[in-house]
Each structure stands twice: as structure tokens, then as C-alpha cells.
Amino acid sequence: MARNVTKNRKLAMTVLAWAIGILIFFPILWTILTSFKTEAEAIASPPSFLFFDWTLDNYREVQERSNYFRHFSNSVIISLGSTILGLAIAIPAAWSMAFVPGRRTKDVLMWMLSTKMLPPVGVLIPIYLIFRDTGLLDTLTGLTIVLMLINLPIIIWMLFTYFREIPGEILEAARMDGAGLKAEIIHVLTPMAVPGIASTLLLNIILAWNEAFWTLNLTAAKAAPLTAFIASYSSPEGLFYAKLSAASTMAIAPILILGWFSQKQLVRGLTFGAVK
Amino acid sequence: MKYPALLVAATSTLALAAAAHAETITIATVNNGDMIRMQKLTDGFTKDNPDIDLEWVTLEENVLRQRVTTDIATKGGQYDVMTIGNYEVPIWAKQDWLMPLDDMPEGYDADDILPAIRSALTVDGKLYAAPFYGESAMVMYRTDLAEKAGVTIPAQPTWTDIMNAAKAMTDKSGEIYGICLRGKPGWGENMAFLTAMANSYGASWFDKDWKAQFDSPEWKAAFNDYLTMMNEYGPPGSSSNGFNENLSLFQQGKCGMWIDATVAASFVTDPDDSTVADSVGFAQFPNKEGVDNHGNWLWSWNLAVPTSTDSPEAAKKFIAWATSKGYTELVAEKEGWRAAPPGTRTSLYENPEYQKAAPFAEMTLNSMNAATPDKPSVKDVPYTGGQFVAIPEFQGIGTGVGQMFSAALAGQVNADQALQNAQQLTTREMTKAGYIK
């Protein structure tokens, strides 16, 4: 009897988990389905779910109209660039805060987080002026720096949390064996924190890929990433939902695939602890 | 993962270097059918001007507005040609942000531009932007449903005619709603319609001392009639309907009438997308009996050159091409007369081929000619503009008031309360901005 209850419960949990999963995924699925419809079918009411004339016309039109490859490569460069640059700064910062905390470490951490509390538009004009005067407007360098800066607090916080899970004794042992600071960080701390660093890396690539305020406001033609590509298909006067869906599908596909393949790593990173 | 990224960086640098020999102009534009068509047809321009390369930045209207406003206000110089509305042109020209376009090449024929549009783009006698396409507002209605309901809609209807027709055409059990109007909040959404409707009731936003007028009997009448029509004869959930939502409803045959931008006419009569393409009739924007005002809705998308550009000559050359009579002929030749950008040139409406291809041509022209944005209301007012007030503060105030009116439509507050809130907000903002001393 007891076994039966567990089995039923397991089944119920599985059904519930799938239901929630499908609910969350549904908007994306709907976008993908709409991208294969004609514009007339895209707005039809009641909407057709699977039985419509599947067409690739929207993708053809999007290909003809925009330079997808340029937007895509811009997205890759700025999301990878900003994440790697961010990690290079955040690993030493998080190390010092986790292992040699001072009196003000907590305040510094809170202060860093507080920079995320201001709405970005509040600093748009000053940053725009700085970028104009330094020639960084519409450049990949400029965008990489801005995205690195806005994600840095999150990277440091995540790494700080992971590093704190690693017992200081392991590092002490390394020091007693004669490891210097550099060797301690590179050969002892980093390998132990790899899952944590990997999930931070992945999460930041996703955040940078999806960032749609600075990438739209600081670019024009040359450095515009995929967010600008999507924005170019949205229209308040005219029904272009199928084309917009095709553009959106093309923009989210790479990050969706990356997320799919690295889900194990992401989950492992998020539940990581040094002491099992 | 690192190597492909490097490769990509190297290829894009090479591609940029290869393009560097020609002068590149960057054009910021909106995503609508006519602009996209222009993007496709630019070979005609680049063939004649091999030393000019064109870069396009296409954005959604609100994103574009935010983007180009930031750029022009800080003199960022990111764009050489900007697509802006007739709301921005006079405000920006007065700030010296735009270059005058009074030296257009011979044969451009600026006198051919529709008078209402031309006057909206002229400041101190100088043209500051060239119109690419223009629109007014009119009534689009289903001729078959009107016949079935036994009503006729005159070419110049009054609001009483509209109200009666809406009542007669409504069949809620058959999912047919007599009238579809904008309800989604925003200065360019519900407030564009409601401002025009209020104008046609004899109301105005401000009196000549910039005092808000939402407590006037005219506003009260207009707003109450709007709510009655929408609640009794409108589709459900109309407080979130904008242009696109109504277009979709109309194309699927769910609206008896739709009063909106004239540009919609080409969509609803397009047999590829619209299920009611062959039974659409047109009438002028209604007015209240005895009020000589048909709303004064006038909008145009225009190409302008910011003073911060590095390539003013190339930019002007492009604008002269894109807004010329020759461009209209090019569109007609490639895609038929029906696709010609509407609402900018008198000569287009005199063209018999266009009249034949576009059944909505005559009413569009009538509506545009009837608009007098330099005199928006029958009352004496200190501002210009038709479905908007041409002051920089209007975007903020209009959207705030739009939210209050949308809330009334959704049933969250009553009409009097919404008008009172609008009066308070507008008075407060206008005092803060220094209009009311």
C-alpha cells in the first residue's frame, strides 16, 4: 500500500512538473509555430495549432531583408567578451571577499548590488555622452564594456556564494605546502569551483545575449546585435506577427540550443557544494 | 568557442574595411510596409550614386523615437537620415536640430506636396523634412453589414449617424461588433483617436491661457459617447486594443465600422490578408452636428537630416530621391500603383491609374485636405497639431491622460472621475512646465 502511494505521488509530481514546464515553454513554442504561418493565419481566430499550411516564406523574407549573420556575430562577440572580461575581474574580487573578508566586505557587496537598483534609463544620457566623446558609440568594444559592468555585480555575488562553500582549510593546506597566491587561485581554488564558474559563465552569456536596453540605445548599424534585429520586425501600424516570430525564433535559437546542451552543467553548478 | 569568435571578428573587420572607400549614410527608419518597400528598391538610388552606401537601422516606432531623440539631443551623430513624425519636426526645427531642405534639386516640385502636410513640416517659411507617406483618419465600414442592417452611412457622417449604425450592425451572438475603436493607452494610441474625436465635438485640450479643458461640456459629451459606443457596441477587452488589434478584428470580419488612420484602408482591402476585402466602404471622420471640424487627424512619416551629420549632401540627395515623383513611379512599375506611398503628393491623387487601383484614394485625399492642424479646434487655442498637441510635454501628458481614459473604458473608474483626474494631471504638468503662471 505504502509503495502504491509513493508511486502515485511520483506520477502526480511528474505530471505536475511537465505541466509547469509546458506552461513556461508555451509562449516560445507559440512563437516558433507562428513563424511557420502566413500573416493571415497568424492572426486567425480561433487560432490553428498544428493544422495549417506550413510555410518557410517568413524566414526567406527575414533573410532577404536583414543581415542575420552580422547581428548574430555581434551578439556572440559581446556576450562572450563581456562574460570573460567580467570573470577575469570577478574571480579575484570574489576570492578576496570570500577568504580574506575585511570589516567592510558586507557593505561593499551590498553597495555593488545597489548599483542594480537604479533603472538603466536614469544613466542613459551621461553614458551616451561619455560614449560619444570617447568614440565608443555603435562599437563592439563599448557594448562589451557596458554589458560587463552591468553584469559584474551578479557575477561577483554568484562566485562569492560558491567560493564560500569551499572550506578555507583546503586553501590553508595548499599554502602550507608552499603554494603562492597565484598558484592557490589557479591550481586549487579554480578547479574546485569549476562547476560554479561554469554556471556563472553560462548564466551571464544568457543575460548578455538577452540584454535589450543598452544594446538598442548605444548601437546604430555596425554593432547592433540580435535584440536590434528583433526590434526591426515589430510594428505598431501593420500586422507582421509571423515575420516578427520568425525573427524572434532565429534570435533565440542559438541561446536555446546552448542552454539545452549545458543544462546538466547549469543544474550542477546551481546545486554545487564543496563538501558532499 | 574562442576561435570561431575570433574568426567572426576578423571577417566583420574585413567587411567593414572593404566598404570604407564609399561615403556611408546611416538611415534610421520605422518598420512599416512602405519603408520596407523603399529599402528593397534602393538599388535604383545606389546605381546612380555608386559613391554612396546606405546602412539601414529599422526599429519599432517607440524604440526609434527614443533612440533618435537621444541621439539628436546629445548631437551623437549616429544617423544621417532620420524618419520622424510631423509631431517632432516643428519642435526639433526650433531647436536647430534639423537642416532646412530648401535647396532640393530641380524637378523635385515641393509645391506638389499636399498643403496640409507641407504646412506641418514648414517652420518660418522653410521646409525641414520631406514627407514619405502621410495619413489622416476616416471611417471604414462593412458595406454588406450596413445593407443587412438597413442603414446607410453618408460620405460625411455625424456622430449620431455612427452611433445609430453601430447599434444596428451589432450582433454580439454572431461575434459582430458595430464599432471598433482604439482603447490602448498612449499618446499615439487611444489619445490620438480621442483628441481627434474631442476636436470634432468642439472641445480642445487647452484654452488660450494654456488652462486644461477636460471640465468642459464638449469633452464630457465626447468622452461619454465614446464610452457608450465601446461598452454597448464594441468588442470585449477593447481597453487593450490599438491599431493592430482593431486591424486584425476588422480583417476577420468582426467589426461593422472602424475609425482609424487612412493607411489602414490599403490593408483591409488587400485580398491576401483580409477576409472582407471586397466589401469595405469609406466615409469622412465624423463630426458633432453643428461643429465644423472633422477631427483634424494628420500624421506623416518624414525624412529629415540632423545637423549633427557628417554627410549632409549625400543625405539630402537620398531624401530627394526617396520622396520624389520618380520614386512613386518606380514603386508603381515594380509593385503596381496600389503600393505607391500614399498621402504626400497631389499628383498621385490626380493620376487616373492610381484612382483605379486604390478605391480608398478619393476619401483619403478628402480627409487629408480637410485637416487643418494649424487650427485644431473650433475654439481659439494657442497650439497647433491635430490628434496631438505640438508641444514637447505632450508625450508625457498624453500618455498619462490616456491611461486614465483607458481605465474608464475598462470600468475601473467612471467617466467623470477620469475626466477630473485628467484635468488635475494636465494642470499640474503644465504648471510645472511653466505654461501656466
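Cut-offs used in this document
Residues numbered from 1 in each chain as written. Chains lettered and ligands numbered in written order. Predicted model: local features only at pLDDT ≥ 70, side-chain atom pairs only at ≥ 80, totals over all residues. Helix = DSSP H or I, 4+ residues; strand = E, 2+ residues; numbered from the N terminus. Rg over C-alpha atoms; globule rule 2.2 N^0.38 Å. Buried ≥ 20, exposed ≤ 12 C-beta atoms within 10 Å, placed from the backbone. Contact = placed C-beta atoms within 7 Å. Pairing = 2+ DSSP bridges. Axes fitted to C-alpha atoms, helices over the stretch in contact; angles between N-to-C directions. Nonpolar A, V, L, I, M, F, W, Y, C, P; charged D, E, K, R; others polar. Domains from an automatic or database assignment. Parallel < 35°, antiparallel > 145°, perpendicular 65-115°, else oblique. Left-handed = near helix turned anticlockwise from the far one by under 90°. Core = buried A, V, L, I, M, F, W, Y, C linked by C-beta atoms within 7 Å.

A.B. asks: Explain the overall build of chain B to me, please; I cannot follow it from the model alone.
C.D. replies: Broken down by element type, chain B carries 19 helices and 11 strands. Here chain B has a C-alpha radius of gyration of 23 Å; the compact-globule value for 437 residues is 22 Å, and the two agree. Along the first, second and third principal axes, the C-alpha set of chain B runs to 65 × 55 × 55 Å. By residue count, 49% of the 437 residues in chain B fall in the buried class.

A.B. asks: Is there a simple way to explain the overall build of chain A in this structure?
C.D. replies: Looking only at helices and strands, chain A has 13 helices and zero strands in total. Tracing chain A from N to C terminus, the helices and strands come up as α-α-α-α-α-α-α-α-α-α-α-α-α. The principal-axis extents of the C-alpha atoms in chain A amount to approximately 75 × 70 × 30 Å. Residues classed as buried in chain A amount to 35% of the 276 residues present. Nonlocal contacts in chain A, meaning residues at least 24 apart in sequence, comprise 80% of its contacts between residues at least 6 apart.

A.B. asks: Looking at this structure, I do not really get the sheet that holds strand β10 (residues 280–284) of chain B. What am I missing?
C.D. replies: Think of a sheet as strands paired side by side through backbone hydrogen bonds, with each pair either parallel or antiparallel. All names here are of chain B. With mixed pairing, four strands are arranged side by side in an open sheet as β8-β9-β7-β10. With partners counted over all chains shown, the strands left at the sheet margins are β8 (177–180) and β10, one partner each. Pairwise comparison of adjacent strand axes, ignoring direction, gives a mean angle of 20° for this sheet. In the sheet, strand β7 (residues 137–142) pairs with β10 via five bridges, with the strands oriented antiparallel. Of the residues in β10, the one forming a bridge with V139 is A283.

A.B. asks: Help me understand the interface of chain B and chain A in this model?
C.D. replies: The accessible area lost on association of the parts is a frequent measure of interface size. Contacts between the two partners involve 32 residues from chain B, matched on the other side by 30 residues from chain A. Within the side of chain B that touches chain A, the residues separate by chemical class into 13 nonpolar, 14 polar and five charged.

A.B. asks: Would you take a moment to explain the domain arrangement of chain B for this structure?
C.D. replies: All names here are of chain B. Here the domain parsing of chain B yields domain 1 (18–128 + 299–357) and domain 2 (137–297 + 375–432). A separation of 29 Å is found between the C-alpha centroids of domain 1 and domain 2. Contact with domain 1, which involves seven residues of that partner, is made by nine residues of domain 2. Of the residues in the side of domain 1 that touches domain 2, the class split is five nonpolar, one polar and one charged.

A.B. asks: Would you explain the packing of helix α18 (residues 394–409) of chain B against helix α19 (residues 415–432) of chain B in this entry?
C.D. replies: The relative placement of two packed helices is expressed as an angle between their axes plus a distance between the axes. Residues and elements named next belong to chain B. At their nearest, the axes of α18 and α19 sit 9 Å apart, and the two run at 170° to each other. In this view, α18 runs roughly antiparallel relative to α19, as classed from their interaxial angle. Remark: the crossing between α18 and α19 carries right-handed chirality. Listed contacts from α19 to G396, I397, G400, V401, M404, F405, A407 and A408 of α18 are A415, A418, N421, A422, L425, T426 and E429. Considering only residue class, the contact of α18 with α19 consists of 10 nonpolar, four polar and one charged.

A.B. asks: Would you explain the sheet that holds strand β1 (residues 23–30) of chain B in this entry?
C.D. replies: Residue and element names in this part refer to chain B. Ordered by their spatial adjacency, five strands build an open sheet running β2-β1-β3-β11-β6, and the pairing between neighbours is mixed. The strands lining the two open edges of the sheet, one partner per strand, are β2 (52–59) and β6 (130–135). Here the average twist between neighbouring strands, direction ignored, is 20°. As paired elements, strand β3 (residues 81–85) and strand β11 (residues 299–304) share four bridges and run antiparallel to each other. When the bridges of β11 are listed, T83 appears paired with L303. Packing against the sheet, helix α13 (residues 312–322) makes contact with β1, β2, β3, β6 and β11, and its axis sits at approximately 50° to β1.

A.B. asks: When you look at the nonpolar core in this model, what are you seeing that I'm missing?
C.D. replies: Nonpolar side chains in soluble globular proteins generally cluster together in the buried interior. Ranked by internal contacts, the top residues of the largest apolar core, which has 189 residues, are A:L159, B:M140 and B:M257. Two domains share this core, each providing at least three of its residues, namely domain 1 (18–128 + 299–357) and domain 2 (137–297 + 375–432) of chain B. A:L159 has contacts with A:A90, A:I91, A:A94, A:G196, A:I197 and A:T200, leaving out every residue within four places of it along the chain.

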